[in-house]
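One letter stands for each residue in the lines below.
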Amino acid sequence: MKISFHGHSVVKVETDGKTILFDPFITGNGSTDLKVEDVKVDVILLTHGHNDHVGDTVDLALKNDALVIAPFELAEYLEWQGLRTHGMSIGGSHTFDFGTVKLTQAFHGSSYTDYETKTIIYTGMPSGILLTVEDKTIYHAGDTGLFSDMKMIGELNDIQIAFLPIGDNYTMGPEDALMAAKWLDAKRVVPIHYNTFPVIEQNPDEFVARLPMETGLVMKVGDTIEM
């Protein structure tokens with residue numbers, strides 16, 4: 001299994017002939033190395049409905065006939081646009097042909113903004129995602145503040161790698177993300193959701209340096225690790 005980081009909260013997992021993308025914000029994302037026209041994807045996992053996470057989901061899913069897995073209301077909204085979707089709710093899990101997906105809670109908002117009509121569309125509860133493939137569990141926290149049930153998530157799951165936001169302002173900042181990493185007890189911790197916009201500028205190297213030795217990993221855009 002290969003896992004790569006592509007800026008902001010975009011994470012790619014390649015496993016057993018399947019390509020899975022978390023939160024594919026590409027167009028308008030100055031920190032990504034991806035181009036929509038070049039992306040091949042089988043499954044898209046969405047943590048919540050904000051524009052910088054839904055991103056290019058519609059174009060990518062239609063072009064690739066990709067399955068979109070998202071919180072229920074967001075999945076319904078995307079299905080109305082012709083996408084093939086699977087809606088889920090927090091606490092629920094489902095086993096697909098590529099692995100198992102479970103949604104966890106996240107403390108954030110979730111809505112999609114149509115800037116042309118100045119309309120904000122409610123897209124259900126925000127979530128984190130536990131993805132288990134090849135007997136390995138990946139935790140993508142989505143956009144969230146620190147919450148104490150992260151300790152329970154860590155106790156109930158053997159997490160190989162956790163992707164945690166550190167940008168502050170909209171999500172956890174580095175201090176709270178350090179506590180989240182402690183509670184989750186993941187073998188590797190990768191910071192995400194920083195430096196895309198001025199208001200979320202952070203130093204990921206300083207964050208990783210404060211984690212237990214060999215736990216933290218700064219993945220530069222395009223970096224890939226094998227698990």
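Look above for the structure.
Just so you know, these numbers come straight off a predicted model, no measurement behind them. (Residues numbered from 1 in each chain as written. Predicted model: local features only at pLDDT ≥ 70, side-chain atom pairs only at ≥ 80, totals over all residues. Heavy atoms only, no water.)

Peer 1: Which residues make up the nonpolar core, and what values go with them?
Peer 2: One recurring pattern in soluble globular proteins is that nonpolar side chains are buried together. Of all hydrophobic cores here, the largest spans 26 residues; its most connected members are Val13, Leu45, Ile69, Phe98, Val101, Leu131 and Phe163. Ranked by the residues each element gives to this core, the list is headed by strand β11 (residues 127-133), at 3 residues. When sequence neighbours within four positions are dropped, the list of residues in contact with isoleucine 69 reads Val43, Ile44, Leu45, Leu46, His86, Met88, Phe96, Phe98 and Val101. Formed by 22 residues, the second largest nonpolar core is a distinct cluster that contains Leu130, Ala177, Ala186 and Val208. (Core = buried A, V, L, I, M, F, W, Y, C linked by side-chain atoms within 4.5 Å. Buried < 20%, exposed > 50% of the residue type's maximum accessible area, 1.4 Å probe, protein only. Helix = DSSP H or I, 4+ residues; strand = E, 2+ residues; numbered from the N terminus. Contact = heavy atoms within 4.5 Å.)

Peer 1: How would you summarise the sheet that holds strand β14 (residues 188-192) if you had to cite specific residues and measurements?
Peer 2: Here 6 strands make up an open sheet; going across it, the order is β7-β8-β11-β12-β13-β14 and the pairing mixed. Looking along the sheet, the strands with just one partner apiece sit at the ends: β7 (93-95) and β14. Recorded for the sheet is a direction-independent mean angle of 15° between the axes of neighbouring strands. Inspection of the sheet shows β7 paired to strand β8 (residues 100-105) by 3 bridges, in the antiparallel sense. Across the sheet, residue threonine 95 finds its bridge partner in β8, namely threonine 100. Those strands touched by helix α5 (residues 174-184) are β12 (136-140), β13 (159-165) and β14, and its axis lies near 165° from that of β13. (Pairing = 2+ DSSP bridges. Axes fitted to C-alpha atoms, helices over the stretch in contact; angles between N-to-C directions.)

Peer 1: Which residues make up the environment of glutamine 105, and what values do they have?
Peer 2: Following the sequence through the fold, glutamine 105 ends up in strand β8. The exposure class of glutamine 105 is partly exposed, given its relative accessible area of 25%. Spatially, the C-alpha atoms of glutamine 105 and alanine 141 are 8.7 Å apart, while their sequence positions differ by 36 residues. Apart from the residues within four sequence positions on either side, glutamine 105 is in contact with Ile90, Ser127, Gly128, Phe147 and Asp149.

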